Amino acid sequence: MSNRTDIRESPSPPHINVGGHIDPSPSLTSSTNGLASLAMSTGGLPRLSTDTASNFLNTSTTTFSNSNKGKGSGIFRNRVIRVFYNEERHLNGTDSERALTRDVVAKWRMKDRMKTVSVALVVCLNIGVDPPDILKLNPCARMECWVDPTSMQAAKALEHIGKNLQAQYERWQSKVRYKVALDPTVEEVKKLCMSLRRNAKDERVLFHYNGHGVPRPTGNGELWVFNKGFTQYIPLSIYELQTWMGAPSLYVFDCSAAGLVLNWFTQFAEQREREYERVLAATAPGQPRDPAATPPGNFKDCILLAACGANEILPMNPDFPADMFTACLTTPIKMALMWFCQHSPLTPVTPDMIDKIPGSLNSRRTPLGELNWIFTAVTDTIAWNVLPRTLFQKLFRQDLLVASLFRNFLLAERIMRAANCTPVSVPRLPATYQHPMWQAWDLAAELCLAQLPALLANPNLEFQNSPFFSEQLTAFEVWLEFGGERKAPPEQLPIVLQVLLSQAHRLRALQLLGRFLDMGPWAVNQALSVGIFPYVLKLLTSAANELREILVFIWAKILALDRTCQLDLVKENGHAYFIGVIAGGAAHVPAVQRTMAAFVLTVIVNNSRPGQSACLAGNLLAIATAQITDPEPMVRRWMVLCLAKLWENFVEAKWAAVRETAHEKLCALLSDPVPEVRAAVVYALGTFLGGAEGSDQRTFIELSIGLTLPIATDDASPMVRRELVIALSHLVSNYDEKFRKVAQVALQEEKARVRADLRREEERRRQDKGKKGGKLKVSEDDATPPNASPSSPITTPDAMGAQASSVYTLVWTVLLKLCQDPYTDVADLAAHVIRSVTMQANFDDGAIPPMSLESPAVTSASTPSAAAAPTTTTWSAARRVSGFSLNNSASNNPNNNNNPNINTTPTKKKLSVTSPTIAAAPSPSKKGAPPPRRSNITMGSTPPSSTSGYDSGSEGGSTKDALDDDDWASSSFYEWSSRFFARPIITRPEDDSGSPTYFDRMWRCQRNDQIIHEAWELCEDGGRGSLQTPSSEKKGRGKVPIGDQMALLDNETDTTALLAFHDFDTQMVVANGSDGVIVWNWEQGVKTNLFSNLNPAGTRISSLHIMNPYESGALLVGSDDGVVRVWHGYDSYDSVRLVSAWNAMPDLVNTLQSNVAVAPPGTPTKASTPAIPALSTVQNKLVMAWQQETGRLLCAGNSSFIRIWDVERELIALDVPSECASVVTCVACDTTGRTFAAGCGDGSVRVFDQRVQSKYALIHTYNEHKGYIVDISMPRAGNDKGVIVSGSVTGEIKFWQSSLESSTSTIASPEPNSSMTGMAVHDFAPLIATGSQSQKIRILNWKGDELSMIRYHDGFLGQRIGPVSCLGFHPYKLMLAAGATDSIISIYGGDHARN
């Protein structure tokens, strides 16, 4: 692995040391970029450890070291084991339900966001005259709005009180229209209210009522005001007040028994609704409604605040003002400090000193401003933790004035409850006066007041800021260490948002906020609900570089959940901030910041024309194009996706891309080493197509892209091939007429070809006099049309240019090839495109389309012709998926009964074709064959199920409509990629050293370490020739390391073709003679799973390997049609699923139908050796060798080259010419990944070096064998000397060293007349096992000594083994498994294996 900084999507595990501790990967120790660069100060977001950074790498790696020093040759010491096919694209396919499920976004935006625009201040004091129902003591509270009315004339005092009340409200909302009514009459109140409602329209109006000079509200729902002469108290009905004020409104009632007003207000609101419902019910249907029956306002949404309950009177403490409730609502800091001083006698502060606190409420650096800031944070926190989220949003985030009043209402509840008075509200709030946060407020107030005497004595003295916010951030950090989704949300979250207003604490608050958002979408919802959005949006205007990194991270987390913020960002010019981030380039901005900024920009431009226009004007296209070749794969990927979303359905951006030649630069990335980047490139090129109508230049460019995209057909990643089909469907949709003409010509050609085949079949039957059968009649009218012959290539009408015609034909051919893709999802998508075009072509050609269409996967799996020529891209494939068929046309195989059904009656409406979930190969005819299981064999990305059919309303439908209107033609790659940012990035659950996952890995490491240690002991002991067990323990049998039969397993199939042991678990995987895979627990003798490999009919499994044995295992299965499939969860019926499939050897020559067998040199004649099988029986198979250490897969067979695949990149690493005229029968590679060896059908053994150019890779050719090579091995025990062990069909075994020109030793066959059918070499112990058709298994050491002979025995206790078909040693233990042609598997071992 290269020493690089990668940003990865896979949930890869930390690097685990076999000895039980975690080691960093060598590739990460020098990382300075990536998310690991989120280096924060102490107490903030910590720098990512190298273990956590492995989350962003493309391949999981695990470090194994041998804790037993001195044991083994050192191969396993400090060796990095890489885990493959464990990426997010494999675990959750790009269009799987789990991968595309969007997280629920909390309703944090207020739909009916409003503001208070008018305030009516009604003051009824009648200074000098006390109300008759209130008996006031002496002394008692007299101050109103901090004015003593007895200190001046009544009229002047009343006016002064009114002005003070307005000024106190203006501190919270100055841009409001205020109207004051002092000792008003009913008419004055009515006029005032109706005037304010008329001006406010649909906005909120506040009505403040001070009734300290009038009687308490009546039991009939009435307030009191005055007459003009102040001789009487006049009642004011709450019902009428509702009518005048309308809705929405806010009421503040500061009077005794104020709770009674709230009760009547609610009753009147319900009465209005009932009256309106009765009027509606009385109105007959169809009759006009009574104009007087106007719908009532939504009075239930009105907000009411009352100073006390229905049976309470206001407190009269002379130490506090008479309007204590109003003072708490409008001057909370002064009131809170006065109350604190009264309850803290040790505080050296007097009420007069409180009025002299330095500073202002809006200046947070002054004592008064800091107290107000802390008070806001405390009350917000109390409300956040106590109120339901919807109510919190309504009261504290909808309206600035309402939020201020309710913060202060919490203080009023605390203070007035101490005076035996309970403020009430509508909506009703839970009790908050005993919340623990009030203690934090008391502490902050005490620390401030303790400095007040010194500050007043010396104004130049520096004020010491409160540690309140630092302590609360520390508490939040503690919660981050131990909190989670299933625990209570952090209490300090509102405080964190308040801290963002301070430069001193802003960076730390952002860091902690970033850590919180990284915990998952639920955390983002919490933050959005508490009000994070306006804060972080405002911070985008900051030029501080130290905030850039964490701001980008936070915005990536927000937009990963809620995409509706894109217009807010454009409106506030936020896109320019992120364009500036990526414009810094690799020299100034780390890769992770540019990656996340690119993701944010993709969200801004995604399906948003304002965002696209703004970003295009901001030069995003040129900036992103310049960075698509960045060394970091995630940067490349998201820059490409940024371009894709920028020009998607945006013609201006596409023309700008043409000027930048962005499409040409993207085409160069089609061979990028990272599959996600390649998929992003194909996706971007697909979105670039379209909108070229009327422009020859754009048309030429799009056709050029159509010529370039087919490079991706040989990509091993199904994700890339899926995007290729979708991109080509865009091309087909844009040029549907051209493709319909290509389809018409192809239809004519196929008709002619079928008719010619029928004539040849009829002629053959006539000549075959020994066979009986019906005579096919072909009329002269069915002759080949003049413009199409069976041998003529596909041509298009003259209306299309020659160059354009070749492009359409090429794209059509590529789509036909993709219809036979081994990954069902890809094949279904391609078949959908073919259907859409073919159906319309049938209409245009006058043909009648069929009613029912077959799934391409089912057809390809059931048609023998597909197996005979798996890579042939003829019209036959399209005929199967499009439904085209002749009545007499049939497959060349007479047993083929899978022809499409023909229905000559089309239905109405448009084309609608979908596919079933998966097509499994038909079950073999013999007993015990594994049936296909649709319920448990699921693709990594499963297409939706639906019925297939044709539905057309008229012949005027177009291919473009059929493709555009169907979700099949849309890509889910962008949505799937975006999910990465919604998952935890900084920390992962499996990183916890106490998690079950951690302990499971530790146990696996210790177990694996012990097994590996014992294997190296075998290697060292075997090197001295002392591997045999003592003869005293095996009386009568000599020194036998392996000979006892440990298990006898019955596959219940016709034969056992292949078998493989798991390295560490008690699993053995077996393949039968067709496409069945059986998984055994050999220790318990239990069959744990059986499933189909989904081979096409007529093909079989030819190679089997278990990969990733150190972690979650995966199964590599190769079949003789050249296709390799990778299975996850293969050991369980419920978890098995196909994660990848690709054609590894498209040039593999199929010789199943060949009757010509080339005898290898030196093969004895038929008279002397009738048992030696012909070479033709092994020619048609794909042979593979898997290198776990390097991630290389070697594939060979009846081909002129040996192909080496890099499974991490899912690309071809090297094509090595075999330089052999015969077939390659077996391959083997060493653990270092330097050399590999191939055994050939002509008996030669060839050694290759992977480190040199392919034309110089062949370094040795050995021609000493006299028969084709049955098996070849490069055991670990001989890696230091380059030992190669090969066995031929004649039974001869030879040893080679890659440094020598000839074999070092030979073990001759003891039975010259018997052929070897199987051979296995132990990886560590110097043991060789050979099997033959004569039902014998010989176990030899490397010296040629026969250590054991296992043969067929008669009798009740005898071992019954059939003709051996395959052999396999356990990778580490002394165990041997033998498969036979009678479905029986025998497992043999000695004491070591049993232990």
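Residues numbered from 1 in each chain as written. Predicted model: local features only at pLDDT ≥ 70, side-chain atom pairs only at ≥ 80, totals over all residues. Heavy atoms only, no water.

Enquirer: Looking at this model, I keep getting lost on the overall build of the chain. Mind explaining?
Expert: The helix and strand tally for the chain stands at 42 helices and 39 strands. Within the chain, the fraction of its 1395 residues that count as buried is 59%. Of the contacts formed within the chain by residues at least 6 apart in sequence, a portion of 68% connects residues at least 24 apart. When the accessible surface of the chain is summed, it comes to about 55400 Å², and 50% of that surface belongs to carbon and sulfur atoms. (Helix = DSSP H or I, 4+ residues; strand = E, 2+ residues; numbered from the N terminus. Buried < 20%, exposed > 50% of the residue type's maximum accessible area, 1.4 Å probe, protein only. Contact = heavy atoms within 4.5 Å. Areas by Shrake-Rupley, 256 points an atom, 1.4 Å probe, with all protein chains shown as cover.)

Enquirer: It is not clear to me how helix 4 (residues 154–170) should be interpreted in this structure. Could you clarify?
Expert: A turn of α-helix holds 3.6 residues, and therefore any two residues three or four places apart point the same way. Helix length check: helix 4 (17 residues) gives 24 Å between terminal C-alpha atoms against 24 Å at 1.5 Å per residue, within 8%. Within helix 4 the residues assigned to the buried category are Ala 157, Leu 158, Ile 161, Gly 162, Leu 165, Gln 168 and Tyr 169. Looking straight down helix 4, one finds its buried side chains confined to an arc of 140°; they lie on one side. Projecting away from the buried face of helix 4 at angles above 90 degrees are the exposed residues Ala 155, Lys 156 and Lys 163. Against the buried residues of helix 4 lie strand 3 (116–123), strand 4 (177–182), strand 5 (204–210), strand 8 (249–254), helix 8 (324–330) and helix 13 (400–417). (Expected span 1.5 Å × (residues − 1). Arc of directions from axis to C-beta.)

Enquirer: Just to check I follow, could you spell out the side chain of Glu 144 for this structure?
Expert: Here Glu 144 lies in the loop between strand 3 and helix 4. Residue Glu 144 is classed as buried on the basis of its relative accessible area, which comes to 5%. A distance of 2.7 Å separates polar atoms of two side chains, one belonging to Glu 144 and the other to His 212. Dropping the residues within four chain positions of it, Glu 144 is found in contact with Leu 125, Ile 161, Asn 210, His 212, Ala 322 and Asp 323. (Polar contact = N/O pair within 3.5 Å; in protein donor to acceptor, adjacent residues only side chain to side chain.)

Enquirer: What should I look at first to understand the sheet that holds strand 27 (residues 1245–1249) in this one?
Expert: The strands making up a sheet associate through backbone hydrogen bonding, with each pair oriented either parallel or antiparallel. The antiparallel open sheet is built from four strands, whose spatial order is 25-26-27-28. Two strands bound the open sheet, and with one partner strand each, they are strand 25 (1224–1229) and strand 28 (1258–1262). Adjacent strand axes in the sheet meet at a mean angle of 20°, parallel and antiparallel pairs treated alike. (Pairing = 2+ DSSP bridges. Axes fitted to C-alpha atoms, helices over the stretch in contact; angles between N-to-C directions.)

Enquirer: Even after reading the chapter, I still don't get helix 20 (residues 545–561), so can you show me in this structure?
Expert: With 17 residues, helix 20 extends 26 Å from end C-alpha to end C-alpha; this agrees with the ideal 24 Å at 1.5 Å per step. Here helix 20 lies mainly inside the structure; 15 of its 17 residues are buried.

Enquirer: It is not clear to me how unusual backbone geometry should be interpreted in this structure. Could you clarify?
Expert: Of all residues except glycine, most have a negative phi; of all peptide bonds, most are trans. Here Ala 247 and Pro 248 are connected by a cis peptide whose omega angle stands at 0°. With an omega dihedral of 5°, the bond running from Val 426 to Pro 427 counts as a cis peptide bond. Positive phi, close to 60°, is recorded for Gln 1335, a residue that is not glycine. For Gln 1335, the position within the fold is in the loop between strand 34 (1327–1332) and strand 35 (1336–1341).

Enquirer: Got a minute to help me understand the pattern of salt bridges in this structure?
Expert: Oppositely charged side chains can pair when the atoms bearing their charge come close. Taken as a whole and judged by the stated rule, the model has 44 salt bridges. One salt bridge connects Asp 380 with Arg 397, and the closest N-O pair in it is separated by 3.3 Å. Here Asp 380, found in helix 11 (residues 367–386), pairs with Arg 397, found in the loop between helix 12 (389–396) and helix 13; they are 17 residues apart in sequence, far enough to count as distant. On the basis of relative accessibility, which here comes to 17%, the residue Arg 397 falls in the buried class. A network of salt bridges, in which partner residues are shared, links Arg 89, Glu 676 and Glu 1210. (Salt bridge = Lys/Arg side-chain N within 4 Å of Asp/Glu carboxyl O.)

Enquirer: Even after reading the chapter, I still don't get the nonpolar core, so can you show me in this structure?
Expert: For soluble globular proteins, nonpolar side chains are generally found buried alongside one another. Counting residues in hydrophobic clusters, the biggest one holds 280 residues, and the most contacted among them are Phe 207, Trp 441 and Trp 555. Examining the composition of this core, we find that twelve residues originate from one element, helix 20, more than from any other. Beyond its immediate chain neighbours, meaning those up to four positions away, Phe 207 contacts Ala 120, Val 122, Val 189, Cys 193, Leu 241, Met 245, Leu 250, Tyr 251, Val 252 and Phe 253. Counting 21 residues, the second-largest nonpolar core is a separate cluster that includes Val 1139, Met 1145, Leu 1182 and Leu 1193. (Core = buried A, V, L, I, M, F, W, Y, C linked by side-chain atoms within 4.5 Å.)

Enquirer: Before we go on, may I ask you to explain the confidence of the model for the chain in this structure?
Expert: As a general rule, the predicted coordinates of low-pLDDT regions are not to be interpreted in detail. Chain-level pLDDT for the chain is 79 on average; 75% of the residues reach the 70-or-more range. With pLDDT under 50 throughout, residues 1–78 is counted as low confidence; its partners more than four residues away or in other chains account for 250 contacts. For residues 773–801, every residue scores under 50 in pLDDT, and the model assigns this stretch 47 contacts once sequence neighbours within four places are set aside. (pLDDT = per-residue confidence, 0-100.)

Enquirer: Which parts of the structure should I look at to understand the packing of aromatic side chains?
Expert: What describes a pair of aromatic rings is the distance from one ring centre to the other and the angle between the planes of the rings. Under the defined criterion, the tally for this structure stands at 42 aromatic pairs. Ring geometry for Trp 384 versus Phe 392: centroids 5.6 Å apart, planes at 75°, classification edge-to-face. A residue is classified by how much of its surface remains accessible, and Trp 384, at 1% relative accessible area, is buried. Ring geometry for Phe 599 versus Trp 638: centroids 5.3 Å apart, planes at 85°, classification edge-to-face. Of this pair, Phe 599 sits in helix 23 (residues 591–605) while Trp 638 sits in helix 26 (residues 633–647), and the two are 39 residues apart along the sequence. Joined through ring pairs, the aromatic side chains of Phe 325, Trp 384, Phe 392, Phe 396, Phe 406 and Phe 409 make up one cluster. Between Arg 364 and the ring centre of Trp 373, over which it is positioned, the NZ or CZ distance is 5.6 Å. The ring of Phe 688 carries the charged tip of Arg 698 above its face, separated from the ring centre by 5.5 Å. (Phe/Tyr/Trp six-rings, centres within 6.5 Å; stacked < 30°, edge-to-face > 60°. Lys NZ or Arg CZ within 6 Å of the ring centre and 35° of its normal.)

Enquirer: Is there a simple way to explain the environment of Arg 515 in this structure?
Expert: Structurally, the position occupied by Arg 515 is in helix 17 (residues 503–517). Separated by 35 residues in the primary sequence, Arg 515 and Leu 480 have C-alpha atoms spaced 7.5 Å apart.

Enquirer: Where do I start with empty space enclosed by the protein in this structure?
Expert: Taking a probe equal in size to a water molecule and rolling it over the atoms shows the remaining empty space. In the structure shown here, the tally under the stated rule is eleven cavities of 30 Å³ or more. Ile 134, Lys 136, His 212, Ser 256 and Leu 314 are the residues nearest the centre of the second largest cavity, which is lined by 16 residues in total. Its residues placed into classes, the lining of the second largest cavity shows eleven nonpolar, three polar and two charged. (1 Å grid on protein atoms, 1.4 Å probe; cavity = no way out; pocket = protein on both sides within 12 Å on 5 of 7 lines; lining within 4 Å. Points joined across faces, edges and corners; volume = space filled by probe spheres on them. Nonpolar A, V, L, I, M, F, W, Y, C, P; charged D, E, K, R; others polar.)

Enquirer: What should I look at first to understand the sheet that holds strand 24 (residues 1211–1217) in this one?
Expert: Spatially, the four strands line up as an open sheet ordered 21-22-23-24, and their pairing is antiparallel. Strands at the two margins of the open sheet, each flanked by one partner only, are strand 21 (1183–1187) and strand 24. When the angles between neighbouring strand axes are averaged without regard to direction, this sheet yields 20°.

Enquirer: Looking at this model, I keep getting lost on the pairing of strand 31 (residues 1293–1297). Mind explaining?
Expert: Taking burial as the measure, the five residues of strand 31 include four buried ones, the bulk of the element. In this sheet, strand 31 lies alongside strand 30 (residues 1283–1288) in antiparallel orientation, the contact comprising five bridges. Counted as the bridge partner of Gly 1287 is Ile 1293 from strand 31. Adjacent in sequence and paired antiparallel, strand 30 and strand 31 are bridged by four residues, among which Gly 1291 carries a positive phi angle near 95°.

Enquirer: Would you explain the packing of helix 27 (residues 651–660) against helix 30 (residues 696–708) in this entry?
Expert: In helix packing, the relevant descriptors are the interaxial angle and the interaxial distance, both defined with respect to the helix axes. Relative orientation of the contacting elements helix 27 and helix 30 amounts to 75°, with a least axis distance of 12 Å. When the axis of helix 27 is compared with that of helix 30, the two are roughly perpendicular. Contacts from Val 651, Lys 654, Trp 655 and Val 658 of helix 27 reach helix 30 at Gln 697, Arg 698 and Ile 701. (Parallel < 35°, antiparallel > 145°, perpendicular 65-115°, else oblique.)

Enquirer: Would you mind going over the packing of helix 26 against helix 39 (residues 973–982) with me for this structure?
Expert: The geometry of helix 26 relative to helix 39 is characterised by a closest axis approach of 12 Å and an angle of 130° between their N-to-C directions. Between helix 26 and helix 39, the interaxial angle falls into the category oblique. The way helix 26 lies across helix 39 gives a crossing that is left-handed. Within the contact between the two elements, helix 26 uses Met 634, Arg 637, Trp 638, Leu 641 and Lys 645 and helix 39 uses Phe 973, Tyr 974, Trp 976, Ser 977, Ser 978, Phe 980 and Phe 981. For the contact of helix 26 with helix 39, a count of residues per class yields eight nonpolar, two polar and two charged. (Left-handed = near helix turned anticlockwise from the far one by under 90°.)

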